[in-house]
Amino acid sequence: MIQLRNVEKCFKTRAGFSYVLRQITLDIAEGEFITIMGPSGAGKSTLLAILGMYDHAWEGEFLFSEQPVHQLNPKQRAVLNKRFVGFVFQQFHLLDDLTVAENLDIPLSYRDVKRSERQALVADALDRFNIVGKKDLFPSQLSGGQQQLVAVARAIIAKPKLLLADEPTGNLHSEQGRDIMELFKKLNQAGTTIVQVTHSETNAAYGHRIIKLKDGWLVKE
Amino acid sequence: MNDLRFAFRQLVKNPGFTAVAVLTLALGIGANTAIFSVINGVLLKPLPYPAPNQLVALWERSPERGIERERVSGPNYLDWRAQNTVFSEMAVTPGWEGSESFNLVLQDTTAKVRAGYTSARLFTTLGTKPLLGRTLLPEEDQKGGNPATVLSYGLWQRLFAGDSNVIGQTLTVDTYGRRQYTIVGVMPPGFGVPSLCELWLPLGWLGVTLEEQRSAHWHNVIARLKPGATIAQARAEMNAIQARLKQAYPGETIGSEVAVAPLLHQALGRGLRTALWVLWGVVAAVLLIACANVANLMLARAAAREREIALRLALGARRRRVMRQLLAESIVLALLGGALGALLGWWGLRLVVAANPANIPRLNEVTLDLTVLGFTLGISVLAGVLFGLAPAWHCSSPELNEALKEGTRAVSSGRAAGRTRDALVVAEVALSVVLLAGAGLMLQSFARMLRADRGFQPEQLLTAELDFSVSGFTTWVLPTATRPQVPLRELLERLRALPGVQAVGAGSRLLRRENGPPNESIAIFGRSTLRPEEQPRAEFKGITPDWVRALGGRVERGRDLTEADRLEAPGAVLINETLARRYFPNEDPIGQRIKMGASQPPVGATNVWGLPEWSTIVGVVRDVKSLHPQPEAVPEVYQSYWQWPMQNPTLLIRTTTEPTMLAQAVRRETKGVIPNLPPPVVRTMDDLLSETVAEPRLQTGLVSVFAGLALLLAAVGLYGVLAYTVTQRTHEIGVRLALGAQKRNLLSLVIGHGMRLALAGLAVGLLSALALTRALRSLLYGVKPADPLTFAAVSLLLLAIALIACWLPARRAAKLDPLAALRYE
């Protein structure tokens, strides 16, 4: 599904170039559950942002479902992202002024899904994640775990093929974190490819394999 | 719908921001609503007649004699009507001074009404059918024709309470003869505009026929263009007709050209039209400043929402979609501002209409109609787009990755947004400088109008207009020993005897109200007859001996008129300095002979009234200028009132006390001497002068208010930007403090930034003002559009206000606690 060949990212500084990622080459098959690990500053989140096609300042080759992402312009990449990718942020990043239902509705609305269809999908998601009773609440009225749950629901409501999660349990306590990881496992079993960034070995155990980064280099695949 | 719902939610969530933004917009939109209502109602709304754009006014002009506008003589009008091919209809109404105020004799009183003699064609020219009865007939234009009359709707309501049986009833008009007129018709509401006439009398009873006196320019002419004919074509044809008339009648005073202008334009006058458009420019600038202020507020708010916007983009929103949402918020804000602005505009309009000090035509009919409300809606939406576009553009494309990271503040659009904010403030300051310059020039001009030396002393001067046109008095020709001047002499004596009265004089007319060259040609004895366009011209007036003293004028050479200059005595006149300078530049005018009219009869010849044709110049008086806001002096001849065949004198009473205290006494003495005269119209000269500057006062007042508002908004804008900058740079300020910065360093950091913006705005504003204030040229008196004093004062005022606006946030920066600032995120 994903093929990276010699992907690199750097910043120009007065002293020269500062590399964030160096010669990253890896393959991710469809249906895999991959964990990216490494110390702070290793480039994990940057790699995830590149996989999610949010970051455009990199070099190398990136094939996504046979499509050469490295040859696409940012607009074309955004189209790919919309069709195939869902993203779960560490900070949840729910829209504070929208209710739970409206937060779920937003990605569908941006994909020009018809209103009636959106309503059905939102109702489905609320039901699936057992948050029907919270549909009219605002994020500030939810606990951290509930917010991350809504964030995960929002990330998958458009049925993406690839789910990217950046420290999804970083701001949760262990029980909430476990619930989220169990949910990821179920999603993966249902066919969604998942790539997560985490510091937690416990969370990493949910995945099929671990990719380690250090100082921008791939250490172990 | 989602966008609108979300927009409302955002505004409710931020009540402070919403209130400030809505109020700022409401001020700008309200001002535009009020002024546009006036422009729409007075300038743009067509006259209430069929095909109003075909209606034009015509007059004669002689630019080679400096006469831009002159009424039309009766014979010229008849020839125009007979010879033209561009007009389907043409009508005439007399227009000399005093021809529009008539006395209506009611049951137990006499009332003044605006009336006029008119040709029957007026009604067909304007194309309006009567509401009741009929209009005047062409045969009623003939001398001695049926004394019919037509009422306006308003007069019908006031006098007859809308009684439909009014046709056939009579009205008694007592002006230059008492006569009964039979009411034959009532016109519908609105008929008559732009004139204020309420009663139409047949031309046949004017007393002068249209065929008489080709050189006497008395009449107003209106006409209707034929379908397809243009004003340019009409002008060309009328000029050709006029050229033929000049050739056919070489000895007559005929204008060399014919001016043709849309009827409404002619009625309003160029000065008023210019003033209204200038006012609209002013309020448009105020709205732009308001939009810039709100744009800055939104930019600041948008920076705080950068993460939200980035998230929406990360969730799949296109940039267009995000901009649409942000613009929806702007437009909702603008519509709220527009709704409040419409309310403010309505309130402001009511104030202006209620005042209407300048008697602007049609102003009393101005309302907030659908056109104006549509305009308000339109500019609200436009304002919303204007102030929403920059923030929407800037924050709809954040650096996604950076914006979504925890712990990072909005940086990607910060620098560009900061430059935009600064540019908006510079633009606001520049606009307010332009408005301040305009206001400053108009204030200076108005002050000069008030201080203008008109050649007399207006303080402690009372005026009383007597109406001798009512029955019991002769018409304005043929002075006799028993004519009304006799009781007038007695009245003057009794007034002189009142305590507190210093001098009393009577004159055939008070002072000219309009500028423009004099109408009457004069002949100087012994000078060869000239072509009509070279003929000397002057204003003639009859005055009693104490007139000059009462006015506070001065006899510069020779003597004043005395009681010895009576009917039986040789003709004696005074001339003013302007006439002396122009027509007697190298000789002493005292002893020279002068007469009204261009002919040169022999010495000793008498006129139709048996009075000597020639009068001797016995004195030269100081120039007395007109009552026009921009007073000018023209050549004037003052004949002895006792040798002058005229009516309706105006009394001048110079007092040693407050003049209003004598008003009652003047009325009482007048009634005592001439019991059946209508009560005199008594006003102080100060009040009269105040009336004449009512229009400039209104214009200056409005421009000043809006300029002040613009300055306030610009100052608030500057303060807002600096306050926001201080907040944004709190961490930096903390670092500077930790590194040893003093209070003065921080003050100069913030004030320096602000004053640089103010200076940039001032420079742009001054250059723009130099170009734009030229539009005010026709409205200014005694002040050039590039008056350096005004520009200097405006610059100092702006810099002072800017300094205050900068000082407050600078002080806040200087008071920051370094530790708190270092921890600030």
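Computed from a predicted structure; not experimentally measured. (Residues numbered from 1 in each chain as written. Chains lettered and ligands numbered in written order. Predicted model: local features only at pLDDT ≥ 70, side-chain atom pairs only at ≥ 80, totals over all residues. Heavy atoms only, no water.)

Chemist: Would you mind showing me how to read the side chain of Thr-198 of chain A here?
Modeler: All names here are of chain A. Looking at the secondary structure, you find Thr-198 in the loop between β8 (193–197) and α7 (201–204). Given a relative accessible area of 1%, Thr-198 falls into the buried group. A polar atom in the side chain of Thr-198 sits 3.0 Å from the backbone nitrogen of Ser-200. With sequence-adjacent residues up to four places away left out, Thr-198 is seen in contact with Thr-35, Ile-36, Met-37, Glu-167, Asn-203 and Ala-204. (Helix = DSSP H or I, 4+ residues; strand = E, 2+ residues; numbered from the N terminus. Buried < 20%, exposed > 50% of the residue type's maximum accessible area, 1.4 Å probe, protein only. Polar contact = N/O pair within 3.5 Å; in protein donor to acceptor, adjacent residues only side chain to side chain. Contact = heavy atoms within 4.5 Å.)

Chemist: I tried to follow the pairing of strand β16 (residues 537–543) of chain B on my own but got confused; where do I start?
Modeler: Look at any regular strand and the pattern is simple: side chains alternate between the two faces of the sheet. All names here are of chain B. Of all 7 residues in β16, 7 are buried, a share of seventy percent or more. Neither face of β16 is open: one carries Arg-537, Glu-539, Lys-541 and Ile-543, the other Ala-538, Phe-540 and Gly-542, and all of them are buried. Looking at chain direction, strand β15 (residues 520–524) and β16 are connected through 2 bridges and run antiparallel. Residue pairing in the sheet places Ser-521 in a bridge with Arg-537 of β16. Relative to strand β21 (residues 636–640), β16 runs parallel, the two sharing 5 bridges. The residue bridging Gly-542 from the neighbouring strand is Gln-639, located in β21. (Pairing = 2+ DSSP bridges.)

Chemist: Can you help me understand the environment of Pro-612 of chain B in this one?
Modeler: Residues and elements named next belong to chain B. Looking at where Pro-612 falls in the secondary structure, it is placed in the loop between β19 (593–596) and β20 (615–621). In this structure Pro-612 comes out as partly exposed when scored by relative accessible area, which is 34%. As a C-alpha pair, Pro-612 and Pro-518 span 94 residues in sequence and 23 Å in three-dimensional space. Those residues in contact with Pro-612 that lie beyond four places of it in its chain are Gly-571, Ala-605, Thr-606 and Asn-607.

Chemist: In this structure, what is going on with the packing of aromatic side chains? I would like to understand it.
Modeler: Ring pairs (aromatic) are described by centroid distance and by the angle formed between their planes. All names here are of chain B. What the rule picks out here adds up to 15 aromatic pairs over all chains. Ring geometry for Phe-525 against Trp-614: centres 5.0 Å apart, planes inclined by 85 degrees, an arrangement best described as edge-to-face. Note that Phe-525 is positioned in the loop between β15 and β16 and Trp-614 in the loop between β19 and β20, a separation of 89 residues in sequence. For Trp-614, a relative accessible area of 5% translates into the label buried. Ring plane angle 80 degrees and centroid distance 5.3 Å describe the contact between Tyr-641 and Trp-642, whose orientation is recorded as edge-to-face. By relative accessible area, which is 0% here, Tyr-641 ends up buried. One aromatic cluster is present, built from ring pairs that chain together Phe-36, Trp-277, Trp-280 and Phe-375. (Phe/Tyr/Trp six-rings, centres within 6.5 Å; stacked < 30°, edge-to-face > 60°.)

Chemist: Looking at this structure, how should I read unusual backbone geometry?
Modeler: In terms of backbone geometry, most residues other than glycine have negative phi values and most peptide bonds are trans. All names here are of chain A. Unlike most non-glycine residues, Gln-23 shows phi in positive territory, near 45 degrees. The residue Gln-23 is located in strand β2 (residues 16–28) in this model. For Gln-23, a relative accessible area of 42% corresponds to the partly exposed category. Here Asp-215, not a glycine, exhibits a phi torsion of approximately 50 degrees, which is positive. Mapped onto the secondary structure, Asp-215 falls in the loop between β9 (209–214) and β10 (217–220).

Chemist: Would you mind showing me how to read the interface of chain A and chain B here?
Modeler: Where the parts come together, the accessible area they lose is often given as the size of the interface. Across the boundary between the two partners, chain A contributes 24 residues, which contact 22 residues of chain B. Taken together, both faces of the contact between chain A and chain B bury some 2000 Å²; the carbon and sulfur share is 49%. On the chain A side of the interface with chain B, the three residues burying the most area are Tyr-54, Asp-97 and Tyr-110 of chain A, jointly 33% of the side's total. On the surface where chain A and chain B come into contact, there are 3 salt bridges. In this structure, the salt-bridge partner of Arg-5 of chain B is Glu-102 of chain A, at a minimum N-O distance of 3.4 Å. Sorting the residues of the side of chain A that touches chain B by element identifies α2 (74–84) and α3 (100–110) of chain A as the ones contributing at least two each. At 6 residues, α3 of chain A tops the list of elements feeding residues into the side of chain A that touches chain B. Residues of the side of chain A that touches chain B, tallied by class, amount to 10 nonpolar, 5 polar and 9 charged. (Buried area = accessible area lost by both parts, 1.4 Å probe. Salt bridge = Lys/Arg side-chain N within 4 Å of Asp/Glu carboxyl O. Nonpolar A, V, L, I, M, F, W, Y, C, P; charged D, E, K, R; others polar.)

Chemist: What am I meant to see in the packing of α3 of chain A against helix α4 (residues 115–128) of chain A here?
Modeler: In helix packing, the relevant descriptors are the interaxial angle and the interaxial distance, both defined with respect to the helix axes. Residue and element names in this part refer to chain A. Closest axis-to-axis distance for the α3/α4 pair is 9 Å, and the angle between their directions is 130 degrees. Classed by the angle they form, the pair α3 and α4 counts as oblique. Handedness of the α3/α4 crossing: right-handed. In this structure, α3 contributes Val-100, Ala-101, Leu-104, Asp-105, Leu-108 and Ser-109 to the contact, and α4 contributes Arg-118, Leu-121, Val-122, Ala-125 and Leu-126. Classifying every residue of the contact of α3 with α4 gives 8 nonpolar, 1 polar and 2 charged. (Axes fitted to C-alpha atoms, helices over the stretch in contact; angles between N-to-C directions. Parallel < 35°, antiparallel > 145°, perpendicular 65-115°, else oblique. Left-handed = near helix turned anticlockwise from the far one by under 90°.)

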